[in-house]
Amino acid sequence: MGFARTCAVALVGVEGVVVEVQADLEPGVAAFTLVGLPDKSLTESKDRVRAAVVNSGSAWPQKKLTVGLSPASVPKGGSGFDLAVACAVLGAAERIDPRVLSDIVMIGELGLDGRVRPVRGVLPAVLAAANAGYEQVVVPECAAAEASLVPGISVLGVRSLRQLIAVLTDEPVPEEDPDEQGRPDPLMAGLRMPGTGAATGMHSMGAAQHDHDLADVVGQHSARTAVEVAAAGGHHLFLEGPPGAGKTMLAERLPAILPRLTKGESLEVTAVHSVAGLLPPGKPLVDVAPYCAPHHSATMQALVGGGQGIARPGAVSLAHRGVLFLDETPEFGSQVLDALRQPLEAGHVVIARSAGVVRFPARFLMVLAANPCPCGRFSQRDDLCECPPSMIRRYQARLSGPLLDRVDLRVEVDRVTRSELTERGARGESTETVADRVRAARERAAVRLAGTPWRTNSEVPGRELRSRWYASLGAMDEAERSLERGALTARGLDRVLRVAWTVADLVGHDRPGATDVALALQLRTGVPRGVPMAIGALS
């Protein structure tokens, strides 16, 4: 009887479970049985593995073969188990020393010719292996850079099963024929998940941000201030205005003024994008804030995650540590928008399916954009709109009160005038200037929040704000009167105080004063409070 075991990783969301792959050979009629709760794609690995082993120059054992995946109670899916199954079978057949395999984690799909193809989720799989105490992993050669992001673990990248067998048996490693120059790598074909990328409105990481300068936005002083405050404190933003006023331009320029991701944040974001198959070729680490702008026809599964079998990340998780922009927000389904309430508060989304419960991170900065009415011309200043009042009310009521109550900043984006558009030489502050102020404000907040689990002002609970980081004496009087009149909810009052702290960080105040709170109230309610709408004027 021959027996061998090695390890692979089963992904549940962006978390991994180390799975022991056991192979047992017994005398009897040649058969291949795979047990351990595999899905359809994993069951098909029997044929892939057999063809890959034979085409790699090794003999397939003509005995009764049983491959078990333990723990058997964990659902397993995908083609990333192929490499481990093949090596376990060869270990049981004594082609490879079984003792060499027991402490190695193997991740990769096998082609019929024995090539090792990449799979999605390499980074979270290697993270799970490292957390379980393993020190060696084998991955496809083209995914070795992604796997090497995990510290303290030895990564071996292989291009074929023949190479791996040679390494494990101390034989000369065969050379694989290189691909022709200028042609796409055939190993990468099919790695990206169909229907993602352009459909999610994802920027190519960092490339699009260099083309978007905040100085390109004409006028819109109030909206520019709101964007700066949103970036400095991580506050959600609602832009309302007529078509062509610059709402999308402002949202597209927001990621560029956000600080670069820390190492821990980069690993979080990269893990989500790796599971979704959205990592750009040649760039294994996402180190800038992602930007995701799904179309208003997106389903609830596309927005918050889901799908058949094991759930996959949606737009809220792809925008983790970045910006989620919902253009034409009233056109989204009401149930789709209301599904955002839980991730907005919790910073993660939990999806329950028959195959298991999946938890994805979803701490993003949400930007909503909407027209004031179906035709987009409704305004308090003119009568160009032809929509009946009842139609305007129904259109604006598509955004529920509980959702808008979770938005800290609400700004009306005015129509750009002819003089603003044609004036020469009058450009607003550049992205670089605003990003410097945002970075300085984040640093002040980080010093104040040191030793706490929170990183930005928007994450601090209201009870902590009221008991530890309160405003100057009398600064909150007007906001508290708004609460008594019903213009603010209790949650809204806490959010005003959070925004006031962000304004104070931007202008360099030790704690929010009456002017900082007045600007926060104006950004929250849209009612003028007699304060300048420029951060520089408050310094």
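Above this text sits the structure in question.
Being a predicted model, the structure only gives us computed values, none of them experimental.

Caption draft 1: Structural detail: the overall build of the protein. Helix and strand content of the protein: 23 helices and 16 strands. When its C-alpha atoms are laid out on the principal axes, the protein stretches across 85 × 50 × 45 Å. Expressed as a percentage of its 539 residues, the buried residues of the protein come to 52%. Taking as baseline every contact in the protein between residues at least 6 positions apart, the subset at least 24 positions apart corresponds to 71%. Of the accessible surface of the protein, which amounts to about 23900 Å², a share of 50% is contributed by carbon and sulfur atoms. Of the side chains in the protein, 57 bear a positive and 61 a negative charge, and the two mean positions are spaced by 4 Å.

Caption draft 2: Just the packing of helix H20 (residues 477–485) against helix H21 (residues 490–507), in detail. At a closest axis distance of 10 Å, the pairing of H20 and H21 adopts a crossing angle of 165 degrees. On the basis of the axis angle, H20 is roughly antiparallel to H21. Considering the relative orientation of H20 and H21, their crossing is right-handed. On H21, the residues touching Ala-479, Glu-480 and Leu-483 of H20 are Ala-490, Leu-493 and Val-496. A breakdown of the residues in the contact of H20 with H21 according to their chemical character gives 5 nonpolar, no polar and 1 charged.

Caption draft 3: Quick peek at the pattern of salt bridges. Counted by the stated rule, this structure contains 29 salt bridges. The salt bridge partner of Arg-491 is Asp-405, with a shortest N-O separation of 2.9 Å. Of the two residues, Arg-491 is situated in helix H21 and Asp-405 in the loop between helix H16 (401–404) and strand E16 (409–412); the sequence distance between them amounts to 86 residues. Since its relative accessible area comes to 12%, Asp-405 is described here as buried. Between Arg-437 and Glu-429 there is a salt bridge; the shortest N-O distance is 2.7 Å. Several salt bridges converge on common partners, so that one network encompasses Glu-345, Asp-405, Arg-406, Asp-408, Arg-491, Arg-495 and Arg-524.

Caption draft 4: Quick peek at the nonpolar core. Core analysis: the biggest nonpolar cluster contains 58 residues, and Val-229, Leu-237, Leu-239, Leu-254, Val-367 and Leu-523 have the highest contact counts within it. Element by element, the count of residues in this core is highest for H21, at 9 residues. Discounting chain neighbours no more than four positions away, the residues touching Leu-239 are Ala-223, Lys-247, Leu-250, Val-367, Leu-368, Ala-369, Ala-370, Val-411 and Val-413. Grouped together as the second largest cluster of nonpolar side chains are 39 residues, Ala-8, Val-49, Ala-86 and Val-158 included.

Caption draft 5: Layout of the side chain of Thr-270. Along the chain, the position of Thr-270 falls in helix H10 (residues 263–276). A polar contact is formed between the side chain of Thr-270 and the backbone oxygen of Ser-266, at a distance of 2.6 Å.

Caption draft 6: Local environment of the sheet that holds strand E15 (residues 365–370). Taken together, the 5 strands give an open sheet; going across it, the order is E11-E12-E15-E10-E16, and neighbouring strands pair in parallel fashion. For this open sheet the edge positions go to strand E11 (291–292) and E16, each flanked by a neighbour on one side alone. Bridge count for strand E10 (residues 237–240) against E16 is 4 bridges, and the pairing is parallel. Paired with Glu-240 across the two strands is Glu-412, which belongs to E16. Sheet strands in contact with helix H8 (residues 221–233) are E10, E15 and E16, and its direction is about 165 degrees off that of E16.

Conventions we followed
- Sequence order as written defines the numbering, with residues in each chain counted from 1.
- Only residues with pLDDT of 70 or above have their local features reported here, since the model is predicted, and side-chain atom pairs are shown and tallied only from 80 upward, although totals for entire chains, interfaces and linings are computed over all residues.
- The side-chain numbers reported here are obtained from all heavy atoms of the structure, hydrogens and water having been left aside.
- Only runs of H or I of at least four residues qualify as helices and only runs of E of at least two qualify as strands under DSSP, and these elements are numbered from the N terminus.
- Think of it in three bands: with a 1.4 Å probe and only protein chains considered, a residue is buried below 20% of the maximum accessible area for its type, exposed above 50%, and partly exposed in between.
- By the convention used here, residues are in contact when the closest approach between their heavy atoms is within 4.5 Å.
- Here the accessible surface of atoms and residues is derived via Shrake-Rupley with a 1.4 Å probe, and residues count as covered only by protein chains that are part of the display.
- Counted charges follow a simple rule, with Lys and Arg positive, Asp and Glu negative, and His plus the chain ends left uncounted.
- In plain terms, the charge of a residue is placed at NZ if it is Lys, CZ if Arg, CG if Asp and CD if Glu.
- All axes here are fitted lines through C-alpha atoms, helices being fitted over the stretch that makes contact, and every angle between N-to-C directions spans 0 to 180 degrees.
- Oblique is the label for every angle not falling under 35 degrees (roughly parallel), over 145 degrees (roughly antiparallel), or within 65 to 115 degrees (roughly perpendicular).
- If you view the pair so one helix is near and one far, a crossing is left-handed when the near helix is turned anticlockwise from the far one by less than a right angle, and right-handed when it is turned clockwise.
- Three classes are used: nonpolar for Ala, Val, Leu, Ile, Met, Phe, Trp, Tyr, Cys and Pro, charged for Asp, Glu, Lys and Arg, and polar for all others, with Gly counted as polar.
- We define a salt bridge as a contact between a side-chain nitrogen of Lys or Arg and a carboxyl oxygen of Asp or Glu at a distance within 4 Å.
- Throughout, nonpolar core names a set of buried Ala, Val, Leu, Ile, Met, Phe, Trp, Tyr and Cys residues whose side chains join them through atoms within 4.5 Å.
- Side-chain atoms alone can form a polar contact between residues adjacent in sequence; in general such a contact is a pair of N or O atoms within 3.5 Å, and within protein one must be able to donate a hydrogen while the other accepts it.
- Note on pairing: DSSP must find at least two bridges between two strands before they are called paired.

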